[in-house]
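Here is how the chains run, residue by residue.
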Amino acid sequence: MNLKGSCGCNNVKYTIKNNPLFTQACHCKDCKKSTGSSFVIHTMVLEKDLEVEGDIASIELPTGSGKGVNAYFCIICGVYVFCRYNISTGRVAVRSQTLNNPIQPQAHIFVKDKDPWIEISDKSICYDKMYDREKIWPTESLNRIK
Ligand SMILES: [Zn+2]
Ligand SMILES: [Zn+2]
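Parameters and conventions
Residues numbered from 1 in each chain as written. Chains lettered and ligands numbered in written order. Predicted model: local features only at pLDDT ≥ 70, side-chain atom pairs only at ≥ 80, totals over all residues. Helix = DSSP H or I, 4+ residues; strand = E, 2+ residues; numbered from the N terminus. Rg over C-alpha atoms; globule rule 2.2 N^0.38 Å. Buried ≥ 20, exposed ≤ 12 C-beta atoms within 10 Å, placed from the backbone. Contact = placed C-beta atoms within 7 Å. Core = buried A, V, L, I, M, F, W, Y, C linked by C-beta atoms within 7 Å.

## What about the overall build of the protein?
Across its full length, the protein holds three helices and 10 strands. Along the protein, helices (α) and strands (β) appear in the sequence β-β-β-α-β-β-β-β-β-β-β-α-α when read from the amino end. Taking 15 Å as the expected radius of gyration for a compact globule of 146 residues, we find that the protein reaches 15 Å, a close match to that expectation. Along the three orthogonal principal directions, the C-alpha set of the protein runs to about 40 × 35 × 30 Å. The 146 residues of the protein split such that 31% are buried. Of all intrachain contacts in the protein linking residues separated by at least 6 positions in sequence, the fraction that spans at least 24 positions is 53%.

## Some details on the nonpolar core
Val45, Leu50, Val81, Phe82, Cys83, Val92 and Val94 are the most contacted members of the largest nonpolar core, which totals 20 residues. At the level of secondary structure, the elements contributing two or more residues to this core comprise strand S2 (13-16), strand S7 (69-74), strand S8 (80-85) and strand S9 (91-95). Setting aside residues no more than four positions away along its own chain, Val94 makes contact with Gly5, Ile16, Thr43, Val45, Leu50 and Phe82. Among the nonpolar cores identified, the runner-up in size contains 11 residues, and Cys26, Val40, Ile109 and Val111 belong to it.

## A closer look at the environment of Ile109
Counting through the fold element by element, Ile109 comes out in strand S10 (residues 107-109). With 15 residues separating them along the chain, Ile109 and Val94 place their C-alpha atoms 16 Å apart. In contact with Ile109, not counting residues within four places along its chain, are Gln24, Cys26, Tyr127, Lys129, Met130 and Tyr131.

Laid out in structure tokens, this is it:
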């Protein structure tokens, strides 16, 4: 398993040192705004499993929960590489398309806000808003966040 990624200019490089917990696409309005596109793909990992090198800065952005999220981006090219939701301590969400080998989403969330021209072929992994993590995440991942 070799999960490496980088920003657009290669100043920031990172390695995910253990299996990711879960990968999901989010179609909510906040994620659209921050990507400038129709959805984001987040690969959730334990904070201790993410090793980052290079000059990175962060800024707090609002979220639907009201708790906020800290976005981490390359200070040179500005690419937003990962974030830490204040609601979920000990975990970070890596932006999957910054991985050298991006990961396919295991779920799509906030599909209620999905752009009408986006078609998802597997409807079984679509959720109007959020899913119940206890029912959806693999047991191994659930055990690791306890
Ligand atoms: Zn960069
Ligand atoms: Zn979202």
